[in-house]
Amino acid sequence: MVALLFTAILLPFLLLPAVLAVGDRWRARTGWLALAAPVGSFAILLHLALTVAEPGGRLVVELAWVPSLGLDFTFMIDGLSLFFGLVVSGMGILVVFYASHYLDDHYRHHDRFYAYLLLFMGAMLGTVLAGNLLLLFVFWELTGITSFLLIGFLHEKSESRDGARMALLVTATTGLAMLAGIVLLGQAAGTYEIAALMDGAARNASPGTLSAAFVLIAIGALGKSAQFPFHFWLPNAMAAPTPVSAYLHSATMVKLGVFLIARIFPVFQGVELWAPLLITICFGTMLLAAVLALLSQDLKAILAFSTVSQLGFLIGFYGMGPAGGVQGDLLHIASHVFYKGCLFMVVGIVDHSTGVRDIRQLGGLRRELPLLAGITLVAAASMAGLPGTLGFISKEYMLKDMFAYWEGSAALAWYPLVFVGVASALKVAFSARIYWGIFGGPPSEKALAHFHAPGLGMQLAPLLLAGACLLFGLFPGLLGTGLAALQTAGLHDPTVVHYSLWHGVTREFLTSLLIMAAGAVVFFWLRRSFWARARIPAPLRFDAGFEGLVTAVPKWAKALGLALRFDRQFDYLAIALGFMVLMVGGYWWTQRTVLWPGLPTEADFDPVRTLVVGLIALAMAMIIVMRRWTSQLIAVSIIGFLITFYYVLFRAPDLAMTQILVESATLLLVLLLLARFPRSAEISEIGWFFSGRRQAVNLAISAGVGLLATLAALMAMQHRHPDPSGDYYLANTVPLAHGTNTVNTILVDFRGFDTLLEATVLVIACLGAIGLVMRYRRTAEEYAAGAMGPAGYGLGRKTEKKAEEADQ
Amino acid sequence: MKTGDSYIFRSVASFLFFVINVFAVYLLLRGHNLPGGGFIGGLGSALSLIMLSMAYGVREAQKVLRVDPVRLATVGLLLAVVTGMLPLFLGEPFLRHFHWKFDGLPLLGKLEVGTPLLFDIGIFLVVVGVTAKMIFVLFRSISGLTALNPSEWRRYSADLEEPVEREHSRSSSELETEDGP
Amino acid sequence: MMWETAILVGLMFGGACFLILQASFVRILFGFILLSNAANLFLLAMSGRPDGKTAPVLQGGNGGPPVDPLPQALILTAIVIGFGVIAYMVVLLYRTFLDQHTANACELFDPRRERPKEDAS
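Residues numbered from 1 in each chain as written. Chains lettered and ligands numbered in written order. Predicted model: local features only at pLDDT ≥ 70, side-chain atom pairs only at ≥ 80, totals over all residues. Heavy atoms only, no water.

1. Regarding the overall build of chain A
The criterion, for reference: The way it works is that DSSP assigns letters per residue, a run of H or I at least four long becomes a helix, a run of E at least two long becomes a strand, and they are numbered from the N terminus. Each residue's exposure class comes from its accessible area (1.4 Å probe, protein chains only) as a fraction of the maximum for that residue type: buried when under 20%, exposed when over 50%, partly exposed otherwise. Should any heavy atoms of two residues lie within 4.5 Å, those residues are considered in contact. Computed with the Shrake-Rupley method and a 1.4 Å probe, the accessible areas treat only the protein chains shown as cover for residues.
In terms of helices and strands, chain A carries 35 helices and two strands. Across the 808 residues that make up chain A, the buried fraction comes to 56%. Residue pairs at least 24 apart in sequence account for 78% of intrachain contacts in chain A once pairs closer than 6 positions are excluded. Accessible surface for chain A amounts to roughly 33000 Å². Of this, 69% is attributable to carbon and sulfur atoms.

Right under this line is the structure:
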């Protein structure tokens with residue numbers, strides 16, 4: 001069982017190398033290979049659902065990973081995770097199948113596309129099956145990253161890049177808030193295990209901490225599910241290829257917010273903020289997004305806003321949840337997955353066949369695409385909630401809960417019903433518009449100009465989804481039985497509901513009729529008047545505001561840098577260093593009675609070391625006085641070799657060896673570079689020498705810095721720790737590290753982690769250097785003359801002479 | 001880097017190259033008990049490569065090394081990381097080292113080895129690789145070659161990018177003769 | 001107290017600082033070389049007077065207690081990292097000159113200067 005579960009989660013990851021390997025050669029057919037992952041995962045999860053799961057049951061699987069750090073892989077199987085796992089892998093099958101027809105050989109990089117898709121699917125399965133909040137977070141962020149890659153898949157287009165960046169910024173930033181919330185909750189409860197938290201591990205936490213943790217986690221959920229004020233990223237994510245939109249941005253990833261709220265429902269149920277926060281924001285978003293969907297013209301944008309709207313309902317639904325648990329949430333989610341995934345695929349097919357996505361330029365395609373028209377009719381009817389479709393059943397039970405909430409005594413009791421009612425009426429209007437816009441009316445010339453009929457394979461996936469809408473709409477009992485088996489302890493009301501198509505003339509039915517009538521009125525009224533000219537008013541264009549903010553930050557930083565002259569390092573460094581000398585030196589002066597080290601005596605000077613210091617001082621004076629680069633370099637090297645000797649005096653053979661080798665390597669490196677500089681570079685510097693007064697200021701600042709460093713060294717020597725940690729290493733180097741060279745045992749054993757990171761720094765520096773040099777492109781003349789023109793010294797003197805002769 | 005024209009330097013360099021490298025490995029191996037270790041050995045070995053490229057030209061030095069130094073550095077880093085991670089699977093903390101004592105080995109007699117040596121070898125490889133690559137790239141670029149071998153272009157740039165630095169001046173036949181590592 | 005070492009630390013820091021405050025990138029590079037040495041010496045001063053002590057290699061065991069090995073281990077790491085950074089700066093200086101045809105900050109930021117035309121890469 002454990003092996004099965006891990007196979008289900010790991011299958012997409014295991015298939016990655018194979019997809020990457022064959023993608024270049026198989027091109028569009030790579031999808032058939034990738035199909036193995038969702039099919040396998042779906043079959044395993046279905047098997048688990050049928051054999052292991054029982055209503056209200058829960059199964060926790062643990063795999064110790066790094067026991068010493070307390071890191072375990074914990075996965076949890078219960079109704080909720082199985083339901084989402086089935087949705088993810090089931091939709092995965094359809095989407096990969098659809099994509100293998102949609103992404104034909106006109107597209108490039110199939111290997112990358114399917115690799116991202118599989119990675120995403122694995123991350124999704126990990127998120128929904130995770131049994132530990134930290135593990136959940138890791139997978140959660142991985143879905144965000146793969147979403148970024150998939151949105152930016154067509155990265156030649158700027159809208160793709162902008163959309164990807166926006167999605168990543170919004171979901172990753174809100175994800176950080178969520179991490180803070182998770183840590184807060186974990187610290188308060190003493191555990192990150194979801195099962196323990198659901199059983200009330202956080203019961204004794206203070207209400208303030210719980211509220212803060214809830215708000216932070218809710219921000220993460222709302223950001224992922226594109227709720228106000230983060231709703232703008234989802235429509236911009238529509239730059240992705242349509243299979244991605246159908247999978248990530250309607251069926252699965254954006255549902256993670258819904259999933260998370262459902263997951264933490266038992267944990268935060270007692271929090272007072274729960275209901276007001278979720279209800280106001282999410283039902284508000286539902287209405288706002290419905291209005292925006294009504295005002296959009298791009299088919300995918302309409303669907304995106306309608307997804308945002310429906311997600312608002314799905315999350316808000318948990319906000320209304322009574323203490324006994326909610327019911328019917330899985331029905332609403334399943335219904336949305338079926339019709340929205342279907343509609344996205346339909347839009348993709350229309351786009352694929354006609355090349356047009358603007359609803360005003362489409363029309364009259366029912367003769368060319370009869371099958372697709374039927375599919376769309378069913379899906380749009382389900383979205384509008386017409387009887388006979390799953391959407392109708394979902395809406396009936398939704399209204400029932402709304403009325404029940406109204407009758408309850410909670411504050412804002414009227415709010416859900418009114419907002420959901422109005423939004424549903426608008427939804428009827430734009431559902432009708434989608435169907436009529438594509439298939440009704442007179443045939444559009446623009447749409448038919450490049451028309452080519454889609455194959456049956458491409459239409460199979462939406463056909464199945466539309467069939468599901470219809471089948472479960474007519475026989476809701478089928479779905480009801482399945483969902484009843486996926487009941488989750490702590491979340492769902494244990495009483496079993498039997499869904500049925502006809503309840504008699506109830507107030508829900510009458511309201512439903514009213515909504516449909518209102519929707520029809522809105523549709524016909526808007527069709528007559530301004531729909532063709534409708535656009536989203538500027539104050540509601542949150543995405544434009546966000547883009548403005550993102551581009552303004554670097555501009556502002558650049559302006560600030562220019563204003564403060566950060567480009568002239570010798571100016572601002574002088575200011576910064578001078579300020580530091582004044583502040584630290586001034587403080588020292590006020591404390592001089594305490595900090596004064598006392599005058600040195602003769603015993604404070606060791607003759608040999610003093611001699612070396614004197615030589616170094618001489619070399620230092622040479623550097624300051626000399627003006628030629630090579631002379632200065634020699635002086636710098638002399639200092640380096642004298643320091644080697646100093647290390648010897650300090651009984652440090654390792655240091656001395658390292659220093660002498662590093663010094664030689666540095667000398668050679670710099671010398672080679674200087675030798676290739678053209679002489680003009682050094683000569684032209686003379687014109688830019690600082691004035692004497694400026695150099696005097698620099699000298700004063702440097703002297704101040706040197707004085708402070710001397711005082712700091714003296715103070716440090718005076719205040720040696722009475723029990724230096726070096727003694728520990730000396731005492732333990734042989735018994736613990738089995739080596740007699742203490743310096744080396746510290747490096748590789750006691751403090752090996754430092755050394756490891758240091759090696760990493762070296763590799764990074766090397767890669768940076770490679771990048772700097774290899775990006776430079778030269779002309780043929782530059783090659784002929786050498787990279788830097790005629791050289792000044794040594795190696796290239798002949799070339800330079802020739803150049804001079806040529807000049808004369 | 002132009003090939004130096006001193007015959008004496010060349011012959012001494014090729015001889016010294018082996019001496020230095022033997023000594024560098026000696027320093028690496030004895031590092032746990034006497035002054036030496038991965039850093040010092042690695043720097044010494046890298047310096048021998050610099051010397052070789054000064055004597056024979058950078059392309060010859062690259063041929064002697066055969067592999068891309070960055071690969072050496074990566075292998076070294078991986079070796080160090082893996083050495084550090086191994087104890088994790090045995091329930092021990094990160095970077096815990098193990099030692100084994102052997103007695104009565106033929107020729108060597110008493111020998112004590114442990115995982116610190118693996119870690120130190122990793123550091124050695126990182127230092128050699130990083131230093132050698134930086135020097136090679138700079139030498140090549142300064143002496144009018146492309147910074148990277150033609151065979152390395154693809155490895156250091158993405159598919160869609162124009163490859164880096166291209167040959168303009170030299171003919172394609174000359175390009176073929178430059179068979180880098 | 002080791003006054004000569006303290007003075008050396010001050011000398012190195014002062015000299016490095018003076019070079020870094022110059023406009024010539026070559027001089028700034030020298031300044032950074034000195035600065036990394038100065039920081040190492042500062043650490044070394046922490047290990048206390050070495051007089052009458054031995055190197056921290058516990059073999060033979062003749063002549064006095066060993067010196068504090070911890071600053072030495074830290075410096076060893078610092079020297080090698082310093083070398084990596086210096087090598088990177090050398091390459092950076094090379095590239096700056098290739099792009100800008102100057103190695104002087106004053107000239108580089110001179111508003112009257114005609115800039116080399118931007119490379120497409």
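Read on for the rest.
2. Focus on the nonpolar core
Taken as a class, soluble globular proteins show a tendency for nonpolar side chains to be buried jointly. Where we set the bar: The nonpolar core is taken to be a set of buried Ala, Val, Leu, Ile, Met, Phe, Trp, Tyr and Cys residues, with the residues joined through side-chain atoms within 4.5 Å.
By size, the foremost hydrophobic cluster in this structure holds 206 residues, and its most contacted members are A:Leu185, A:Trp233, A:Phe268, A:Phe283 and A:Tyr318. Leaving out residues up to four positions away in the same chain, A:Leu185 has contacts with A:Leu133, A:Leu197, A:Ala202, A:Leu210, A:Ala213, A:Ile217, A:Val267 and A:Phe268.

3. A closer look at the interface of chain A and chain C
Just so we agree on the cut-off: When two parts are put together, the accessible area they lose, computed with a 1.4 Å probe and summed over both, is reported as buried area. Basic side-chain nitrogens of Lys or Arg form a salt bridge, by our definition, when they fall within 4 Å of a carboxyl oxygen of Asp or Glu.
Facing 104 residues of chain A, the contacting portion of chain C comprises 88 residues. Between chain A and chain C, a total of about 8800 Å² is buried, with carbon and sulfur atoms accounting for 74% of that surface. The interface formed by chain A and chain C includes four salt bridges. Between A:Arg609 and C:Glu4 there is a salt bridge, with its nearest N and O atoms 2.9 Å apart. The dominant element in the side of chain A that touches chain C, judged by the number of residues it contributes, is helix 30 (residues 692–718) of chain A, at 15 residues.

4. What to know about the pattern of salt bridges
Under the counting rule described, the total for this entry stands at 21 salt bridges over all chains. For A:Glu682, the salt bridge goes to A:Arg628, with nearest N and O atoms at 3.4 Å. Separated by 54 residues along the polypeptide, A:Glu682 in helix 29 (residues 679–685) and A:Arg628 in the loop between helix 26 (607–625) and helix 27 (629–649) bring together distant segments of the chain. You can call A:Glu682 buried: its relative accessible area is 9%. Taking relative accessible area as the criterion, A:Arg628 reaches 41% and is therefore assigned partly exposed. In this structure, C:Asp68 and A:Arg720 form a salt bridge, with 3.3 Å as the shortest nitrogen-oxygen distance. With C:Asp68 in the loop between helix 2 (25–45) and helix 3 (69–100) and A:Arg720 in the loop between helix 30 and helix 31 (726–732), this residue pair bridges two chains. You can call A:Arg720 partly exposed: its relative accessible area is 35%.

5. Description of the layout of surface pockets
To find the voids left in a structure, one rolls a probe of water-molecule size over its atoms. Residue and element names in this part refer to chain A. Inclusion rule: Two kinds of site are reported from a 1 Å grid over the protein atoms alone, namely cavities, where a 1.4 Å probe fits but cannot get out, and pockets, open sets with protein on both sides within 12 Å along at least five of seven lines, and residues are called lining when an atom falls within 4 Å of a point. Grid points are joined across faces, edges and corners, and a volume is the space filled by probe spheres set on the points. Any residue that is not Ala, Val, Leu, Ile, Met, Phe, Trp, Tyr, Cys, Pro, Asp, Glu, Lys or Arg is counted as polar, Gly included; the first ten are nonpolar and the last four charged.
If you add up the space inside the largest pocket, you get close to 780 Å³. In this structure, the largest pocket is lined by 27 residues; those nearest its centre are Phe42, Leu46, Leu86, Phe338 and Leu479. When contributions to the lining of the largest pocket are tallied by element, the ones reaching two or more residues are helix 3 (36–51), helix 4 (79–102), helix 15 (329–354), helix 20 (456–474) and helix 21 (476–485). Ranked by residue count, the leading element in the lining of the largest pocket is helix 4, at seven residues. Classifying every residue of the lining of the largest pocket by side-chain character gives 24 nonpolar, three polar and no charged.

6. Notes on a nonpolar patch on the surface
Residue and element names in this part refer to chain A. As a reminder, the rule being used: Patches draw on residues past 30% relative accessible area with no salt bridge. Two like charges within 9 Å are joined, as are two nonpolar side chains (Val, Leu, Ile, Met, Phe, Trp, Tyr) within 5 Å.
Taken together, the side chains of Leu470, Leu471, Leu474, Phe475, Leu478, Leu501, Trp502, Val505, Leu510 and Leu513 present a nonpolar region at the surface, about 950 Å² in accessible area. Of all elements in the fold, only helix 20 and helix 22 (507–528) reach the threshold of two or more residues within the nonpolar patch. The element best represented in the nonpolar patch is helix 20, accounting for three residues. Of note, Leu474 is situated in helix 20.

7. Some details on the confidence of the model for chain A
Residue and element names in this part refer to chain A. The cut-off we apply is this: Scored from 0 to 100, pLDDT records how confident the predictor is in each individual residue.
Here chain A averages 85 in pLDDT, and 94% of its residues register 70 or above. Per-element confidence in chain A is highest for helix 27, whose mean pLDDT is 93, and lowest for helix 35 (residues 797–807), whose mean pLDDT is 49. Here residues 792–801 scores under 50 on pLDDT; set against residues more than four positions off or in separate chains, the count is 20 contacts.

8. Digging into the interface of chain B and chain A
Put simply, the test is: Counting of polar contacts relies on pairs of N or O atoms within 3.5 Å, with two restrictions inside protein: one atom must be capable of donating a hydrogen and the other of accepting it, and residues adjacent in sequence are counted only when both atoms are side-chain atoms.
Chain B puts 62 residues into the contact, and the matching count from chain A is 56 residues. Summing both sides of the interface, chain B and chain A together bury roughly 5200 Å²; the carbon and sulfur share of this comes to 72%. For the pair chain B and chain A, the number of links is 10 residue pairs in polar contact (both at pLDDT 80 or more). Elements with a minimum of two residues in the side of chain B that touches chain A: helix 2 (38–56), helix 4 (69–89) and helix 5 (115–142) of chain B. Grouping the constituent residues of the side of chain B that touches chain A by class yields 38 nonpolar, 15 polar and nine charged.

9. Brief notes about the packing of helix 6 (residues 133–151) of chain A against helix 9 (residues 207–224) of chain A
Residues and elements named next belong to chain A. Test applied: Helix axes are fitted only over the stretch in contact, all axes being lines through C-alpha atoms; the angle between N-to-C directions runs from 0 to 180 degrees. Here the word oblique covers every angle except those under 35 degrees (roughly parallel), over 145 (roughly antiparallel) and from 65 to 115 (roughly perpendicular). Take the far helix as your reference; a near helix turned counterclockwise from it by less than a right angle gives a left-handed crossing, and one turned clockwise gives a right-handed crossing.
Relative to each other, helix 6 and helix 9 sit at 30 degrees, their axes nearing to 12 Å. Considering their axes alone, helix 6 and helix 9 lie roughly parallel with respect to each other. The handedness of the crossing between helix 6 and helix 9 comes out as left-handed. Within the contact between the two elements, helix 6 uses Trp140, Thr143 and Gly144 and helix 9 uses Gly220, Ala221 and Lys224.

10. Notes on the packing of aromatic side chains
Residues and elements named next belong to chain A. Going by this rule: Working definition: a ring pair exists when centres of Phe, Tyr or Trp rings (six-membered ring for Trp) sit within 6.5 Å. Plane angles under 30 degrees give stacked, over 60 give edge-to-face, the rest tilted.
Tallied over the entire structure, the rule returns 35 aromatic pairs over all chains. Considering the side-chain rings of Phe83 and Phe84, the 5.6 Å spacing of their centres and the 85 degrees angle between planes classify their relative orientation as edge-to-face. An aromatic cluster is present here, built from Phe214, Phe265, Phe268, Trp274, Phe283, Phe313, Phe317 and Tyr318 joined pairwise through their rings.

11. Describing the environment of A:Leu294
Residue and element names in this part refer to chain A. For Leu294, the position within the fold is in helix 13 (residues 274–295). Since its relative accessible area comes to 11%, Leu294 is described here as buried. Separated by 229 residues in the primary sequence, Leu294 and Phe523 place their C-alpha atoms 9.6 Å from one another.

12. Section: unusual backbone geometry
The omega angle of the peptide bond from A:Phe228 to A:Pro229 is 0 degrees, so this bond is cis rather than trans. Here A:Pro229 shows up in the loop between helix 9 and helix 10 (233–236). One non-glycine residue, A:Arg651, lies in positive phi territory at about 60 degrees. Topologically, A:Arg651 is positioned in the loop between helix 27 and helix 28 (653–676). Of note, C:His101 is a non-glycine position whose phi angle comes to about 60 degrees, a positive value. Structurally, C:His101 is set in the loop between helix 3 and helix 4 (105–108).

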